[in-house]
Amino acid sequence: MNQKDLPSLFLVGPMGAGKSTLGRHLAQQLDFPFYDSDRVIEEKTGADIPWIFDMEGEAGFRRREAEVIDELTRLPGIVLATGGGAVTTPENLGYLHQRGCVVYLWTPVEVQLARTRNDKNRPLLQTEDPEARLRALFAERDPLYRKVAHHVVSTASGNLKKVSDDVLACLTSHPARG
């Protein structure tokens, strides 16, 4: 299949699933532009995500996120890494599912915890018990990730090549855009 016939690839999943790392790698392999919705929000606002959460709350951040996801999912031939909570906004589910190939990067809570343990740029984890927070978010969001996704790929192994190959297989089997 010709690269230009491939749909855009949208990565969803919890924090620590590897959406940004894998997304950059896949974009390079596909010769597609890479976007991370959180980074685009930061560029547009000139503020980091924790500051936006502090000033506008989660609801304000989610409004900004929905605008960015609407804008980005209209672009042809891209790889997009979404924020972990993007699926909590109903409009985003439609934008993602209808405009590209959505892959849910499934990752167990233990792996998420290990990967995010020292990351201070995750407002939802700035709590006494990050593991309990991750478990609660997983329980709430896993059904939403599964609902929006065309494919589910585990990133628990941490093997970039294997996960990348699995995601590429999903993308090439997805109906062509057009």
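The rules we used
- Residues numbered from 1 in each chain as written.
- Predicted model: local features only at pLDDT ≥ 70, side-chain atom pairs only at ≥ 80, totals over all residues.
- Heavy atoms only, no water.
- Axes fitted to C-alpha atoms, helices over the stretch in contact; angles between N-to-C directions.
- Helix = DSSP H or I, 4+ residues; strand = E, 2+ residues; numbered from the N terminus.
- Parallel < 35°, antiparallel > 145°, perpendicular 65-115°, else oblique.
- Left-handed = near helix turned anticlockwise from the far one by under 90°.
- Contact = heavy atoms within 4.5 Å.
- Expected span 1.5 Å × (residues − 1).
- Buried < 20%, exposed > 50% of the residue type's maximum accessible area, 1.4 Å probe, protein only.
- Arc of directions from axis to C-beta.
- Polar contact = N/O pair within 3.5 Å; in protein donor to acceptor, adjacent residues only side chain to side chain.
- Pairing = 2+ DSSP bridges.
- Core = buried A, V, L, I, M, F, W, Y, C linked by side-chain atoms within 4.5 Å.
- Salt bridge = Lys/Arg side-chain N within 4 Å of Asp/Glu carboxyl O.

(A) Spotlight on the packing of helix H3 (residues 49-73) against helix H4 (residues 90-99). Direction vectors running N to C along H3 and H4 enclose 15 degrees, while the axes themselves pass 9 Å from each other. If you check the angle between H3 and H4, you find them roughly parallel. In the packing of H3 onto H4, the handedness of the crossing is left-handed. Contacts between H3 and H4 involve Glu65, Ala66, Ile69, Asp70 and Thr73 on the former and, on the latter, Asn92, Tyr95, Leu96 and Arg99.

(B) How the structure looks around helix H7 (residues 160-173). The terminal C-alpha atoms of H7 lie 20 Å apart, and with 14 residues this matches the ideal 20 Å at 1.5 Å per residue to within 8%. Those residues of H7 that sit buried are Val163, Ser164, Val167, Leu168, Cys170 and Leu171. Along the axis of H7, the buried residues cluster in a sector spanning 155 degrees; they form a single face. Away from its buried face, by an angle of more than 90 degrees, H7 presents the exposed residues Lys161 and Ser173. Those residues of H7 that are buried are in contact with strand S1 (9-12), helix H1 (19-30), strand S4 (101-106) and strand S5 (151-154). Two or three places before lysine 161, at the opening of H7, asparagine 159 has a side-chain oxygen 3.1 Å from that residue's backbone nitrogen.

(C) Molecular detail of the sheet that holds S5. The strand order S2-S3-S1-S4-S5 describes an open sheet built from 5 strands, whose pairing is parallel. Where the open sheet ends on each side, the last strands, each with one partner, are strand S2 (34-36) and S5. Strand after strand, the sheet turns through a mean of 25 degrees between neighbouring axes, direction not considered.

(D) A look at the environment of methionine 15. Along the chain, the position of methionine 15 falls in the loop between S1 and H1. In this structure the C-alpha to C-alpha distance between methionine 15 and lysine 44, which are 29 residues apart in sequence, comes to 22 Å.

(E) A look at the nonpolar core. One finds Val12, Leu96, Val102 and Val148 to be the most contacted residues of the largest nonpolar core, which totals 23 residues. It is H3 that contributes the most residues to this core, 7 residues altogether. Sequence-distant contacts of leucine 96, that is, excluding residues within four places in its chain, are made with Phe10, Val12, Ile69, Thr73, Leu80, Thr82, Val102 and Val148.

(F) Seen up close, the pattern of salt bridges. Tallying each qualifying case throughout the model produces 13 salt bridges. Its salt-bridge partner being aspartate 70, residue arginine 99 comes within 2.8 Å of it at the nearest N-O pair. One end of the pair, arginine 99, is in helix H4; the other, aspartate 70, is in helix H3, with 29 residues separating them in the sequence. Overall, the relative accessible area of 27% leaves arginine 99 in the partly exposed class. By relative accessible area, which is 18% here, aspartate 70 ends up buried.

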